[in-house]
Amino acid sequence: MNLLARARGTLDGGPPLVLVALFGVLGFLVVTAASSVTAAKRTEQPRRTQLAALIQQRRSQVDELDKAVTELRDRVGREEKAVASRNAGDRALSDRLDVLGRQAGTVPMRGPGVEVRLSDSSRTPPEGEDASAYRIHDRDVQLVVNALFAAGAEAMSINDVRLVATSPIRAAGATIVVSFRPLSPPYVITAIGADSGRFAVSDVVKLYSRWRDVFDLGFRVRDAGDLQVPAYTGRVAVGTATPTETP
Amino acid sequence: MLALFSLLVGALLAVVLQPSVPQDVTRYLAMAVVAAIDSAFGGLRSYLERTFNDRIFVIAFVSNALVAAFLVWVGDQLGVDLSTAVVVVFGVRIFQNVAALRRRVFGG
C-alpha cells in the first residue's frame, strides 16, 4: 500500500498529505484568530457608546430633578406664606425661614455685582512650553472666587451653578467640577454684591491681567447693575456636624 | 493546488463552525497563527526543494506555534512586549520562505 508513502511525501506525484492537512489546519486557525480579534473589538465599541449614552441620560435626569426641586421649593414657600398669613406665630417662623433660605442659598437672587469671564488661551502653546499654562484650571476658578468673596460678594454662581458654603470647586481630569457638576469653558462667575473697585485692586486681578497679556488667557471683568444667580438645588441639610456650646 | 484547496476548506470550516475564543487568549492565538504561517510556507518550500520530511514538518508546525504563544504570554507576565520579537522573527522568515518559493516556481 503506497498510502503511507504518499502521506509522508516519499512518493512522487502530488504533495504529501501531511502538508495538505496542516494547510487545512492553518486556514482554520487564521480565520478563527481573525474573527476573534474583530469580535473583541466589536464588544469594546458598544461599551463605549453605551457609557456615553448613560452619561447623557443621567445628566438629563439630574437636570429634570433640579427643575423639580426648584418647583417643589417654590410650592413649599407659597404654602408657608399661605399658612403664615393666618397667624402671627407662623408669620415669625416664615420670616425666619425666608432669611435662612437666603443665607443658605436656596433662593434665586438678583442684584448689582461683578461678572468675571475666564477662558482658555486662544493661542496654541509654543513648542517646548507647558501647555497647562495656557488653560484655566480649578485653582484659577478658586482664586477668582475667593477674591470676589473678599470683595464682598454675597451670592455667587459659576456657569449657573450656585455656590454655597459646602460647594467644592475641583478638577476631574481636565474638567472643572463645581458642586459635582462638570462645567465647560468659558467659566462665567457671577458675584452679586462684589465691589468692583475693591476687586479691581486685588492681587488676583493684577496677576490675571498679566497672564492675559503673557499667555492670552481669557480674563474679562464686567461691572453689572443687575445680575441673577439661580437657587442651589443640592442638599442643604447638615447632618453630622452639630453646633458646639453657644456662648 | 491540493494544499490551497485544503486551506480554503479549513477556512470555510472555521466560518461555518464559528469557534469562540476567550478574549484573553486572542493575542496568543494570533501569534501562534503567525508562527504557523511561517511553518506552512517552510513546508511548501522544502517540498518543492525535495527535502520535505513529514516528522520535521509536523513538529516544526506545532512547536513554532506553541513557542510563539508561550513567548508572548511570558512577555505579558514580565511586562515586556515580546510579541514584537515574534512578529519580526517570523515575518522575516515568511518573506524568506516566500522568496525561495518564488525562485523555485518562477525561476530566477
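Residues numbered from 1 in each chain as written. Chains lettered and ligands numbered in written order. Predicted model: local features only at pLDDT ≥ 70, side-chain atom pairs only at ≥ 80, totals over all residues.

1. A short note on the overall build of chain A
Phase 1 of the analysis: Broken down by element type, chain A carries six helices and eight strands.
Phase 2 of the analysis: Its helices and strands taken in sequence order, chain A reads α-α-α-β-α-β-β-β-β-β-β-α-α-β from the N to the C terminus.
Phase 3 of the analysis: Relative to its 247 residues, chain A shows a buried fraction of 23%.
Phase 4 of the analysis: A sequence separation of at least 24 residues applies to 72% of the contacts in chain A between residues at least 6 apart. (Helix = DSSP H or I, 4+ residues; strand = E, 2+ residues; numbered from the N terminus. Buried ≥ 20, exposed ≤ 12 C-beta atoms within 10 Å, placed from the backbone. Contact = placed C-beta atoms within 7 Å.)

2. Describing the packing of helix H2 (residues 17–84) of chain A against helix H3 (residues 88–104) of chain A
Residue and element names in this part refer to chain A.
Phase 1 of the analysis: It is at 8 Å that the axes of H2 and H3 come closest, and there the two elements cross at 150°. One element, H2, and the other, H3, form an angle in the roughly antiparallel class. For the element pair H2 and H3, the recorded crossing hand is left-handed. Counted together, Glu80, Lys81, Val83 and Ala84 of H2 and Asp90, Arg91, Ser94 and Leu97 of H3 form the full contact between these two elements.
Phase 2 of the analysis: Each residue belonging to the contact of H2 with H3 can be placed in one class, and the counts come to three nonpolar, one polar and four charged. (Axes fitted to C-alpha atoms, helices over the stretch in contact; angles between N-to-C directions. Parallel < 35°, antiparallel > 145°, perpendicular 65-115°, else oblique. Left-handed = near helix turned anticlockwise from the far one by under 90°. Nonpolar A, V, L, I, M, F, W, Y, C, P; charged D, E, K, R; others polar.)

3. So, the interface of chain B and chain A
Phase 1 of the analysis: Between chain B and chain A, the residue contacts involve 29 residues of the former and 24 residues of the latter.
Phase 2 of the analysis: For the side of chain B that touches chain A, the secondary-structure elements that each account for two or more residues are helix H1 (2–17), helix H2 (23–48) and helix H3 (54–78) of chain B.

4. So, unusual backbone geometry
Phase 1 of the analysis: Omega for the peptide link from A:Pro185 to A:Pro186 comes to 0°, which places this bond in the cis form.
Phase 2 of the analysis: Residue placement: A:Pro186 occurs in the loop between strand E6 (181–183) and strand E7 (187–192).
Phase 3 of the analysis: Positive phi values are uncommon outside glycine, yet A:Asp216 reaches one of about 65°.
Phase 4 of the analysis: Locating A:Asp216 in the fold gives a position in the loop between helix H6 (203–215) and strand E8 (218–229).
Phase 5 of the analysis: Even without a glycine there, the phi angle at B:Arg50 is positive, about 60°.
Phase 6 of the analysis: Its place among the elements puts B:Arg50 in the loop between H2 and H3.

5. Details of the sheet that holds strand E2 (residues 155–158) of chain A
All names here are of chain A.
Phase 1 of the analysis: With antiparallel pairing, five strands are arranged side by side in an open sheet as E3-E2-E7-E1-E8. The strands lining the two open edges of the sheet, one partner per strand, are strand E3 (161–163) and E8. Sheet twist, expressed as the mean angle between neighbouring strand axes with direction ignored, is 25°. (Pairing = 2+ DSSP bridges.)

6. A look at the nonpolar core
Phase 1 of the analysis: If you look at the biggest cluster of nonpolar residues, it comprises 35 residues, and the most contacted ones within it are B:Met31, B:Ala36 and B:Ala68.
Phase 2 of the analysis: Counting residues per element, the ones that place at least two in this core are H2 of chain A together with H1, H2, H3 and helix H4 (83–106) of chain B.
Phase 3 of the analysis: With 12 residues, the top contributor of residues to this core is H2(B).
Phase 4 of the analysis: Discounting residues that sit within four places of it in the chain, B:Ala36 has contacts with A:Leu26, A:Leu29, B:Phe61, B:Asn64 and B:Ala65. (Core = buried A, V, L, I, M, F, W, Y, C linked by C-beta atoms within 7 Å.)

7. Details of the sheet that holds E6(A)
All names here are of chain A.
Phase 1 of the analysis: Taking strand neighbours across the sheet as the criterion, the three strands line up as E4-E5-E6 in an open arrangement whose pairing is antiparallel. Edge strands, defined here as strands with exactly one partner in the open sheet, are strand E4 (169–172) and E6. Each neighbouring strand pair of the sheet contributes to a mean axis angle of 40°, computed without reference to strand direction.
Phase 2 of the analysis: Looking at chain direction, strand E5 (residues 175–178) and E6 are connected through three bridges and run antiparallel. Paired with isoleucine 176 across the strands is leucine 183, a residue of E6.
Phase 3 of the analysis: Relative to E4, helix H4 (residues 138–150) is tilted by about 170°, and along the sheet it contacts E4 and E5.

8. Looking at the pairing of E2(A)
Residues and elements named next belong to chain A.
Phase 1 of the analysis: Here E2 shows two buried faces, one formed by Ala155 and Ser157 and the other by Met156 and Ile158.
Phase 2 of the analysis: Of the pairings in the sheet, the one linking E2 to E7 comprises four bridges and is antiparallel in character. Bridge pairing links isoleucine 158 to isoleucine 189 in E7.
Phase 3 of the analysis: Pairing between E2 and E3: three bridges, direction antiparallel. By the bridge assignment for E3, methionine 156 is matched with leucine 163.
Phase 4 of the analysis: Two successive antiparallel strands, E2 and E3, enclose a turn made up of two residues, where asparagine 159 displays a positive phi of approximately 45°.

9. Some thoughts on H4(A)
All names here are of chain A.
Phase 1 of the analysis: For H4, built from 13 residues, the straight-helix expectation of 18 Å at 1.5 Å per residue is met to within 8% by its first-to-last C-alpha distance of 18 Å.
Phase 2 of the analysis: When H4 is considered as a whole, its buried residues turn out to be Asp140, Val141, Val144, Val145, Ala147 and Leu148. Along the axis of H4, the buried residues cluster in a sector spanning 160°; they form a single face.
Phase 3 of the analysis: Directly beyond the C-terminal end of H4, a positive phi value near 100° is found at glycine 152. (Expected span 1.5 Å × (residues − 1). Arc of directions from axis to C-beta.)

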